[in-house]
Amino acid sequence: MKEIKLTIPEGCKTVTVKVDGEQVITEFEPKGGKWEPKDGDVVYAKWSGNRSSYKWIFIYKETNADPYSYCDTYAYLGIECDGKPISELHFYEHCSSQELLRPATEAEKQRLFDALAKEGKRWNAEKKCIEDLTRWRAKEEETYYYIGVDAEVEDDSESGCKGDDACYSVGNYFKTREAAEKVAEQIREIFKNSKAE
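The rules behind each value
Residues numbered from 1 in each chain as written. Predicted model: local features only at pLDDT ≥ 70, side-chain atom pairs only at ≥ 80, totals over all residues. Heavy atoms only, no water. Helix = DSSP H or I, 4+ residues; strand = E, 2+ residues; numbered from the N terminus. Contact = heavy atoms within 4.5 Å. Phe/Tyr/Trp six-rings, centres within 6.5 Å; stacked < 30°, edge-to-face > 60°. Lys NZ or Arg CZ within 6 Å of the ring centre and 35° of its normal. Buried < 20%, exposed > 50% of the residue type's maximum accessible area, 1.4 Å probe, protein only. Arc of directions from axis to C-beta.

Caption draft 1: Inspection of the side chain of Asn124 at higher detail. Mapping Asn124 onto the fold places it in strand β8 (residues 121-124). With residues near it in sequence (within four places) discarded, Asn124 still touches Cys129 and Glu131.

Here it is, written out as structure tokens:
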């Protein structure tokens, strides 16, 4: 028997859980009536129509609630559930777009933030904008950590040499031993489970 752990977003209750083969489909409903997203909230949206279905995780900006026009929901940035980047969302249906939205779970938020980090970006919730991530690099003679060929953490002093540049450019460059060890453990786990001959 498979055990499935569900995380219910804050302010929501679970309405349905469906199992379709290997896929578990969950739908959430706000507690105590209609949930109103605020500017900067990380939300999940699901839309079905015109023989197609869409799911998104994105940072909410505003909704055009004019009943005489399409109800468009605009986003600062988001990802589709398959991980493709998007910059603006539109729900082209005469409906209240709010009904399609719910707060994102912590796992969904993390997927969005991970996708941003992969592009060298981060969400600044205070300023409500997307910012470039500035990667740390050691000053000359300062120690940094990297993962060696045996998947063990090693340290070196920054000297601006080709070796330092190579470690930095591929992301094998850490400020603390603990940060490097976390990634090294993931690498060792991959090797341990590898089916390579």
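There is more to say, and it comes next.
Caption draft 2: View of the packing of aromatic side chains. If you walk through the whole model with that rule in mind, you get four aromatic pairs. Residues Trp136 and Tyr173 carry aromatic rings whose centres are separated by 5.7 Å and whose planes lie at 45 degrees to one another, so their mutual orientation is tilted. Of this pair, Trp136 sits in the loop between β9 (129-132) and β10 (143-147) while Tyr173 sits in the loop between α2 (162-170) and α3 (177-192), and the two are 37 residues apart along the sequence. Clustering of aromatic rings is evident, with ring pairs tying together Trp136, Tyr144, Tyr146, Tyr168 and Tyr173. Above the face of the Tyr168 ring, Arg135 is positioned so that its terminal group lies 3.9 Å from the ring centre. Between Arg137 and the ring centre of Tyr168, over which it is positioned, the NZ or CZ distance is 4.7 Å.

Caption draft 3: Inspection of α2 at higher detail. Within the span of α2, buried status applies to Asp164, Cys167 and Tyr168. For α2, the angular spread of buried residues about the axis comes to 95 degrees, placing them on one side. More than 90 degrees from the buried face of α2, the exposed residues found are Lys162, Ser169 and Val170. Buried-residue contacts for α2 involve β10 and β11 (153-157).

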